[in-house]
Structure formats: C-alpha cells, structure tokens
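# Structural description and commentary
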Amino acid sequence: MAEQRLPVPRLRGVSREQFMEHLYPQRKPLVLEGLDLGSCTSKWTVDYLSQVGGTKEVKIHVAAVAQMDFISKNFVYRTLPFNKLVQRAAEETHKEFFISQDERYYLRSLGEDPRKVRVVDLKQSLKMSDIADIRQQFPSLGEDITFPMFFREEQFFSSVFRISSPGLQLWTHYDVMDNFLIQVTGKKRITLFSPRDAQYLYLSGSKSEVLNIDSPDLDKYPLFPKARRYECSLEAGDVLFIPALWFHNVVSEEFGVGVNVFLKHLPSECYDTTDTYGNKDPVAASRAMQILDRALKTLAELPEEYRDFYARQMVLRIQDKAYSKNSE
Ligand SMILES: O=C(O)CCC(=O)C(=O)O
Ligand SMILES: [Fe+2]
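Treat the numbers as computed from the prediction; the structure is a model and nothing was measured.

### Section: the side chain of S159
- Its location among the elements puts S159 in strand β7 (residues 156-164).
- Owing to a relative accessible area of 0%, S159 belongs among the buried residues under this scheme.
- Looking at S159, its side chain comes within polar contact range of the main-chain nitrogen of I134, at 2.9 Å.
- S159 has contacts with S109, A132, D133, I134, R135, F147, V259, N260 and V261, leaving out every residue within four places of it along the chain.

Structural data, given as structure tokens:
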C-alpha cells in the first residue's frame, strides 16, 4: 500500500475565539503561525538561556545514537546543570561527555519532585509543585514566554521545557492531555497518527514499538503502513496543537528549544491524580482495562472452542456499544 503523507493544516493569525469555538472542537492537529509568544523568540540564544536559566540541576536523556529506543534502552538518564545542558545540546561534539563525544541530549523538564504524589487539599485543588511549570522552575525565563491563551485558565495542567540536540528522534507516543507545543527556536519534523489508527502502531503502553517510522521492518510490523501519516515541519515561532491521544514522533532537525503546555480537555476528576507527566490514562479508561483483563482471565477457564466463541461475542458487543458512530 502506498504510504500517504498528509500535511497538518497551517493557519496564520487565528484568534482565541476562532480557535476555541471552531477549531478546538474538531480535535485535529493544527500548526498555528504568527502568534504572540513574547520576547523568547528573539531572546533565547544559547548564551542567554545558560546565563538566565542558571545552574539548576535537570534530569536528561543521553543517547549515543540519534534514534532513542525505549525497548533496548539505548540511552541513559543523567543530571546536568541547566546551563551546561543547553551548551552541550547546542554543540555537535563534546569535550566533556557521559558516553561518547557525539552523544545527544534531550530535556523534558520536570516539577520540583516528580516522585512525590500530589496531595488534594481541603478545597479539592491540587498541589502543583511536582508538576512541571517553567514559570515556577525557571521564573526568569518564564517571563519571556507568553502562552497562547487558547484555553480556559482552569484547563492548564503543566508547561514543560523541551530541549534537544540536533538529529535526535523521540519515539511515537500519545499523551492524555491536549497540548500546545511551542517551538521557540530550531526546527523539528513532527509526524502524527490519529488515535483511530492505534491498531496499526504496535503499542507498548503509550509508545509505539515501531521506532524507525521512515523505514519500518515490515516483517515485524506488517500493518504499520496502514496508519495514516500526518506530517508538519515546526519552525521557530510555530505552535502545534496536538489533541489528546494523537500520536506524535519528533525529529529535531536542529538544536532547538521548545515549551509545551499540557491542558485538560476532560473535567479534572477524570484524570489520575498521581499523573505528573500528563500521560497516565484517565481513571475510567484504566479501570475498564483492568476489568477487561479480569474478563480475559475468566474466559481462559474455558476450552479453546468456547473461549473463541464467547470472545467474539464480546468483541462485537464492544464494537456495538463503545465504538464511536462517527467514522472518520
Ligand atoms: O517536541 C518535543 O521534543 C516532544 C514533544 C512532545 O512529545 C510533547 O510535547 O508532548
Ligand atoms: Fe508528547
């Protein structure tokens, strides 16, 4: 089957009203151009970021190769002061390094203590200190960036620094929050897949096992070419809207600094309160999955012929009762 590459629509000068009333409800990826992002787009050079961002320790991925692989774990986690990370990610060869001279770096910033489970206080509002918000963790840099306010204040979940060495590729995954990915400097190729095509992506949790999306091993992943492939080039000043559950794969074509804003689409109580990354499935989804696992265990008590018969009835019931009637 010929592989299709569908462009992600690009829109310039979209207003808050236009986005919220007409575009957001369509739940499709979009590149928004020409939004006011504040002074970051001109200020955030390597020197400025390292001076103003300071020496706060950050946890990073370090990889000896361009394509990070979560299955073979061809990367390690290390810690560097923020200013060092920025300098190293911007250079191609390193005098100081962890694994090799040409190792690559990826920062996904975290909150103060990502292991701490957030606590619900008396007013039911959540303690946010362990959730990334660059305005909290990097207040001086936070002042330079204006988030596109294309959402209601209470939808805000987190804001995350994304800093990457040239060439690095982040595996295909989905997040459970809506996302505005703001590319402040540098250039990325982003490939997206619809949640409806999850069946062709060979998922392991929230990630696709197909790492080499440009030249997949078709013996291992024969259905992968059936997934409709959307693509965009994200350049400095562009903002990509990634609706929750849309898969994305990111290749940094240059050293680049981005910030993404995760926001809640569902009412707050639908989300897992221990989720600090924005990637734990909604509570009802993980409960339903657990119940399904129990049902499968129960079915396994039957001999094959019966198990097969009842399993097929269950699939039909799921399709009839739970699939969206709105075919894409
Ligand atoms: O642009 C990146 O570095 C990764 C983007 C991403 O996965 C996200 O914003 O959720
Ligand atoms: Fe993501």
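### Quick notes on the packing of aromatic side chains
- Evaluated as defined, the whole model comprises 21 aromatic pairs.
- When the ring of F82 is compared with that of F138, the centres are 4.7 Å apart and the planes differ by 45°; the resulting orientation is tilted. Taken together, the positions of F82 in helix α4 (residues 82-90) and F138 in the loop between α5 (134-137) and α6 (139-142) put the pair 56 residues apart, joining distant regions of the chain. Accessibility classification places F82 together with F138 in one group, the buried group.
- Through pairs of rings, three or more aromatic residues link up here, namely F19, Y24, F150, F151, F180 and F241.
- Between the NZ or CZ atom of K59 and the centre of the ring of Y77, over which it lies, the distance is 4.8 Å.

### Brief notes about unusual backbone geometry
- Here R27, not a glycine, exhibits a phi torsion of approximately 55°, which is positive.
- One can find R27 in the loop between α1 (16-23) and β3 (30-33).
- Positive phi, normally seen in glycine, also occurs at L245, with a value near 75°.

### Some details on the environment of S208
- Its place among the elements puts S208 in strand β12 (residues 207-208).
- When its relative accessible area of 0% is taken as the criterion, S208 is described as buried.
- C-alpha separation for the pair S208 and D175, spaced 33 residues apart in sequence, amounts to 12 Å.
- Those residues in contact with S208 that sit more than four places away from it in its chain are F70, T172, L201, Y202 and L203.
- A polar atom in the side chain of S208 sits 3.1 Å from the backbone nitrogen of V210.

### Re the site of ligand 1
- Close to ligand 1 lie Y106, R162, L170, H173, D175, N179, L181, K188, H248, V250, N260 and F262, which account for all nearby residues.
- In this structure, H248 approaches ligand 1 through a side-chain N or O atom, which is 3.2 Å from an oxygen atom.
- Of all elements in the fold, only β8 (169-173), β9 (178-185), β15 (247-252) and β16 (256-263) reach the threshold of two or more residues within the shell around ligand 1.
- Partitioning the shell around ligand 1 into residue classes produces five nonpolar, four polar and three charged.

### Some details on the sheet that holds strand β5 (residues 75-81)
- With mixed pairing, nine strands are arranged side by side in an open sheet as β2-β3-β14-β9-β16-β7-β6-β4-β5. Edge positions in the open sheet fall to β2 (10-12) and β5, since each of these has one partner strand only. Strand-to-strand twist of the sheet, defined as the mean angle between neighbouring strand axes without regard to direction, takes the value 25°.
- Each of β4 (57-63), β5, β6 (104-108) and β7 touches α4; the most contacted strand, β5, lies at about 125° to it.

### Remarks on the packing of helix α3 (residues 46-53) against α4
- In contact at an axis separation of 8 Å, α3 and α4 are set at 165° when each is read in the N-to-C sense. Relative to α4, the element α3 lies roughly antiparallel. Of the two elements, α3 crosses α4, and the hand of that crossing is right-handed. From α3, V46, L49, S50 and G53 reach across to α4, where they touch F82, N83, V86, Q87 and A90.

### Brief notes about the pattern of salt bridges
- In total, this model carries 15 salt bridges according to the counting rule given.
- Its salt-bridge partner being E231, residue R5 comes within 3.2 Å of it at the nearest N-O pair. Here the residue R5 occupies a position in strand β1 (residues 5-7), and E231 occupies one in strand β13 (residues 229-234), the gap between them amounting to 226 residues.
- Taking the relative accessible area as the measure of exposure, R5 reaches 43% and is therefore partly exposed.
- Among the salt bridges present, the one from E231 reaches R229, with a minimum N-O distance of 3.2 Å.
- Via salt bridges that share partners, R5, R189, D214, R229 and E231 belong to a single interconnected network.

### Let's talk about the coordination of the iron ion (ligand 2)
- Only H173 (NE2), D175 (OD) and H248 (NE2) from the protein coordinate the iron ion (ligand 2), and they sit 2.1 to 2.2 Å from it.
- Written as a sequence motif, the donor residues of the iron ion (ligand 2) are H-x1-D-x72-H. Here H173, found in strand β8, pairs with H248, found in strand β15; they are 75 residues apart in sequence, far enough to count as distant. We note that H173, like H248, is buried.

### Here's the deal with the confidence of the model for the chain
- Residues with a pLDDT of 70 or more make up 94% of the chain, whose mean pLDDT is 93.
- Taken together, the stretch residues 120-125 has pLDDT below 50 and engages in four contacts with residues farther than four places along the chain or on a different chain.
- This complex was scored by the predictor with a pTM of 0.93 and an ipTM of 0.99.

Parameters and conventions
Residues numbered from 1 in each chain as written. Chains lettered and ligands numbered in written order. Predicted model: local features only at pLDDT ≥ 70, side-chain atom pairs only at ≥ 80, totals over all residues. Heavy atoms only, no water. Helix = DSSP H or I, 4+ residues; strand = E, 2+ residues; numbered from the N terminus. Buried < 20%, exposed > 50% of the residue type's maximum accessible area, 1.4 Å probe, protein only. Polar contact = N/O pair within 3.5 Å; in protein donor to acceptor, adjacent residues only side chain to side chain. Contact = heavy atoms within 4.5 Å. Phe/Tyr/Trp six-rings, centres within 6.5 Å; stacked < 30°, edge-to-face > 60°. Lys NZ or Arg CZ within 6 Å of the ring centre and 35° of its normal. Near = heavy atom within 4 Å. Nonpolar A, V, L, I, M, F, W, Y, C, P; charged D, E, K, R; others polar. Pairing = 2+ DSSP bridges. Axes fitted to C-alpha atoms, helices over the stretch in contact; angles between N-to-C directions. Parallel < 35°, antiparallel > 145°, perpendicular 65-115°, else oblique. Left-handed = near helix turned anticlockwise from the far one by under 90°. Salt bridge = Lys/Arg side-chain N within 4 Å of Asp/Glu carboxyl O. Donors = N, O, S within 2.8 Å, 3.2 Å for Na, K, Ca; no water. pLDDT = per-residue confidence, 0-100.

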